[in-house]
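# Close look at the chain arrangement
Okay, here's what each chain looks like letter by letter:
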Amino acid sequence: MAGKPKLHYTKGRGKMESIRWLLAAAGVEFEEEFVEAKEDLEKLRKDGALLFQQVPMVEIDGMKMVQTRAILSYIAGKHNLYGQDLRERALIDMYVEGTTDLMGMIMALPFQPPEAKEKNFALIVERATARYFPVYEKALKDHGQQFLVGNQFSWADVHLLEAILMAEECKPDILSPFPQLQAFKGRISNIPTIKKFLQPGSQRKPPADDKFIAQVKKIFNM
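Computed from a predicted structure; not experimentally measured.

## Observations concerning the environment of Glu-39
Following the sequence through the fold, Glu-39 ends up in helix H2 (residues 38-46). A C-alpha to C-alpha distance of 27 Å links Glu-39 and Trp-21, two positions 18 residues apart in sequence.

## Comments concerning the pairing of strand E4 (residues 63-66)
A regular strand places its side chains on the two faces of the sheet in alternate fashion. When strand E3 (residues 57-60) meets E4, the two strands line up antiparallel, connected through 4 bridges. In the sheet register, Val-58 faces E4, and the bridge partner there is Met-65. Following E3, the chain reverses through 2 residues before pairing antiparallel with E4; Asp-61 in that reversal takes a positive phi of roughly 50 degrees.

## A few points about the pattern of salt bridges
Per the stated rule, a full pass over the model turns up 15 salt bridges. A salt bridge links Arg-20 to Glu-32; the nearest nitrogen and oxygen atoms lie 2.7 Å apart. With Arg-20 in helix H1 (residues 17-25) and Glu-32 in strand E2 (residues 31-34), the pair connects residues that are 12 residues apart, well separated along the chain. With a closest N to O distance of 2.3 Å, Glu-97 and Arg-69 form a salt bridge. Of this pair, Glu-97 sits in helix H4 (residues 86-108) while Arg-69 sits in helix H3 (residues 68-78), and the two are 28 residues apart along the sequence. Looking at Arg-69, the relative accessible area reads 28%, which means it is partly exposed. A cluster of three or more residues bridged by salt bridges with shared partners is formed by Glu-17, Arg-20, Glu-32 and Lys-205.

## Some points on the confidence of the model for the chain
Taken residue by residue, the chain gives an average pLDDT of 95. The fraction at 70 or more is 99%. Taken element by element, the predicted model of the chain shows its lowest mean pLDDT in helix H9 (residues 210-219) (91) and its highest in H1 (98).

## Notes on H4
With 23 residues, H4 ought to run about 33 Å at 1.5 Å a step, and its terminal C-alpha atoms sit 32 Å apart, in line with that. Regarding H4, the residues found buried are Glu-88, Ile-92, Tyr-95, Val-96, Gly-98, Thr-99, Leu-102, Met-103, Met-105 and Ile-106. Against H1, H3, helix H5 (114-143) and helix H6 (155-170) lie the buried residues of H4.

## Looking at empty space enclosed by the protein
It is a probe the size of a water molecule, rolled over the atoms, that shows where empty space is left. With the rule as written, the count across this model stands at 1 cavity of 30 Å³ or more. Each pocket or cavity is described by its volume, and for the largest cavity that value is around 30 Å³. Along the walls of the largest cavity sit Arg-13, Glu-17, Trp-21, Glu-162, Met-166 and Arg-204, which together make up its complete lining. When contributions to the lining of the largest cavity are tallied by element, the ones reaching two or more residues are H1 and H6. Looking at the lining of the largest cavity, its residues break down into 2 nonpolar, no polar and 4 charged.

## With respect to the packing of H4 against H5
Their axes nearest at 11 Å, the elements H4 and H5 cross at an angle of 160 degrees. Of the possible angle classes, the one that applies to H4 and H5 is roughly antiparallel. Judged by the sense of rotation from one axis to the other, the crossing of H4 with H5 is left-handed. Where H4 abuts H5, its residues Tyr-95, Gly-98, Thr-99, Asp-101, Leu-102, Met-105 and Ile-106 lie against Leu-123, Ile-124, Arg-127, Ala-128, Tyr-132, Phe-133, Val-135, Tyr-136 and Ala-139.

## Some words on the side chain of Glu-162
Structurally, the position occupied by Glu-162 is in helix H6. Buried and unpaired, Glu-162 has Arg-13 as its nearest opposite-charge partner, separated by 6.7 Å. For Glu-162, the residues in contact, after removing those within four places along its chain, are Glu-17, Ser-18, Trp-21 and Met-103.

## Details of the packing of H5 against helix H7 (residues 179-189)
It is the contact of H5 with H7, at a shortest axis distance of 8 Å, that shows an interaxial angle of 80 degrees. By the angle between their axes, H5 is roughly perpendicular relative to H7. Here H5 contributes Phe-133, Tyr-136, Glu-137, Leu-140 and Lys-141 to the contact with H7, which in turn contributes Pro-179, Gln-180, Leu-181, Phe-184 and Arg-187. When its residues are assigned to classes, the contact of H5 with H7 shows 6 nonpolar, 1 polar and 3 charged.

## Structural notes on the sheet that holds E4
A sheet is described by the order of its strands in space; here 4 strands give the open sequence E2-E1-E3-E4, paired in mixed fashion. The sheet is open, and its two edges are formed by E2 and E4, each paired on a single side. Between one strand axis and the next, the sheet turns through 20 degrees on average, direction left out of account. With 4 bridges joining them, strand E1 (residues 6-9) and E2 adopt parallel strand pairing.

Definitions and cut-offs
Residues numbered from 1 in each chain as written. Predicted model: local features only at pLDDT ≥ 70, side-chain atom pairs only at ≥ 80, totals over all residues. Heavy atoms only, no water. Helix = DSSP H or I, 4+ residues; strand = E, 2+ residues; numbered from the N terminus. Pairing = 2+ DSSP bridges. Salt bridge = Lys/Arg side-chain N within 4 Å of Asp/Glu carboxyl O. Buried < 20%, exposed > 50% of the residue type's maximum accessible area, 1.4 Å probe, protein only. pLDDT = per-residue confidence, 0-100. Expected span 1.5 Å × (residues − 1). Contact = heavy atoms within 4.5 Å. 1 Å grid on protein atoms, 1.4 Å probe; cavity = no way out; pocket = protein on both sides within 12 Å on 5 of 7 lines; lining within 4 Å. Points joined across faces, edges and corners; volume = space filled by probe spheres on them. Nonpolar A, V, L, I, M, F, W, Y, C, P; charged D, E, K, R; others polar. Axes fitted to C-alpha atoms, helices over the stretch in contact; angles between N-to-C directions. Parallel < 35°, antiparallel > 145°, perpendicular 65-115°, else oblique. Left-handed = near helix turned anticlockwise from the far one by under 90°. Lys, Arg positive; Asp, Glu negative; His and termini not counted.

Rendered as structure tokens:
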């Protein structure tokens, strides 16, 4: 029997957080080995564990997988969260790429200089409410189902909920114009595996604080 997946990353969200979300949604228990200093990262590199010298890295099914998108696709495919056919998979990919773009903007914000933060915060809110969320709102309304693709829980649903909660951390009322997304948030948050992951004490990570930002900058020479 294969052991639990082991995640190698910093003790924060970053690119690994969506992997944590997807494993949790699939009901998969996982272990974490944190990169807490530059020496931890160098050891992984010297050991040949990082194909492109970068984290995140996940040990799973006898592989040392890198590249966030590859890891997520593998987990989604393995746990039946990647649609029923090529068309559904294409839709899931498109929806996931949209939420990836939005979450990337949000994750980058704490690392930006103070003079850029106000402008970029306004840009995040504008993009979320004018570019990204209207797409998902319309998809849910037109589709008329409980989930984004087909009538089955998928990676796209997990990713969208993660993005919604991150956007709400920026602006708590950001979903006010989107009744479909409000209902979607309630439904997906109550799926048992998701509900468990949202409870205090889970392996979900908090937003970046000043201490974590300083640590990351030191590890990665930012």
